[in-house]
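Coordinates in review
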Amino acid sequence: MKTRFNLKTVALIIAVIFTVGTANATEKVTKASGHENIVEASLNLESWMTNDAIWSTSDVTNFVEAQEESLNLENWMTNSDVWSTSIDWAANTTEANLELEAWMTDEVAWEVAPASAETEGHLSLEDWMINEKVWNL
């Protein structure tokens, strides 16, 4: 009973979200190309960009590769006492036995109400389906 109530609540929330999301579905959307007329400022070459005195200095052109500290083996890395395990954890792990509970075999808990047979009516062509204003933005 509680599960059915929760499912109905979730379905109602989803329906509200879809309703709110489609509330303005008939609103005319402007084309994106109308917003693409942004003009950017042209780039100018400045004197420092072409000044040889700035670019020919040793600080800029002579890059020194960073020296990293060498890696060394430490005692604990090769110590067999650290890496050998005398206890097999997987063999000592035990789990409780699974048991059948009353709700698992209760027919009422698993009974699903039969869905009512739905019939669809005749599909008809509506005005919005052939409206030029809707399809030609």
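Cut-off values and rules
Residues numbered from 1 in each chain as written. Predicted model: local features only at pLDDT ≥ 70, side-chain atom pairs only at ≥ 80, totals over all residues. Heavy atoms only, no water. Helix = DSSP H or I, 4+ residues; strand = E, 2+ residues; numbered from the N terminus. Areas by Shrake-Rupley, 256 points an atom, 1.4 Å probe, with all protein chains shown as cover. Patch = residues over 30% accessible without salt bridge, like charges linked within 9 Å, V, L, I, M, F, W, Y side chains within 5 Å. Salt bridge = Lys/Arg side-chain N within 4 Å of Asp/Glu carboxyl O. pLDDT = per-residue confidence, 0-100.

Observations regarding the overall build of the protein chain
- When helices and strands are counted, the protein chain shows 10 helices and zero strands.
- Traced from its N-terminal end to its C-terminal end, the protein chain shows the element sequence α-α-α-α-α-α-α-α-α-α.
- Summing over all exposed atoms, the protein chain offers an accessible surface of approximately 14900 Å²; the carbon and sulfur share of this is 59%.

Quick notes on a nonpolar patch on the surface
- A surface patch of nonpolar side chains, about 660 Å² in accessible area, is lined by Leu125, Trp128, Met129, Ile130, Val134 and Trp135.
- Elements with a contribution of two residues or more to the nonpolar patch: α9 (127-130) and α10 (132-135).
- With three residues, α9 is the largest single contributor of residues to the nonpolar patch.

Section: the confidence of the model for the protein chain
- Averaged over every residue, the pLDDT of the protein chain is 78; the share at 70 or more is 73%.
- Element-level mean pLDDT values for the protein chain span from 58 in helix α3 (residues 58-61) up to 90 in helix α7 (residues 102-105).

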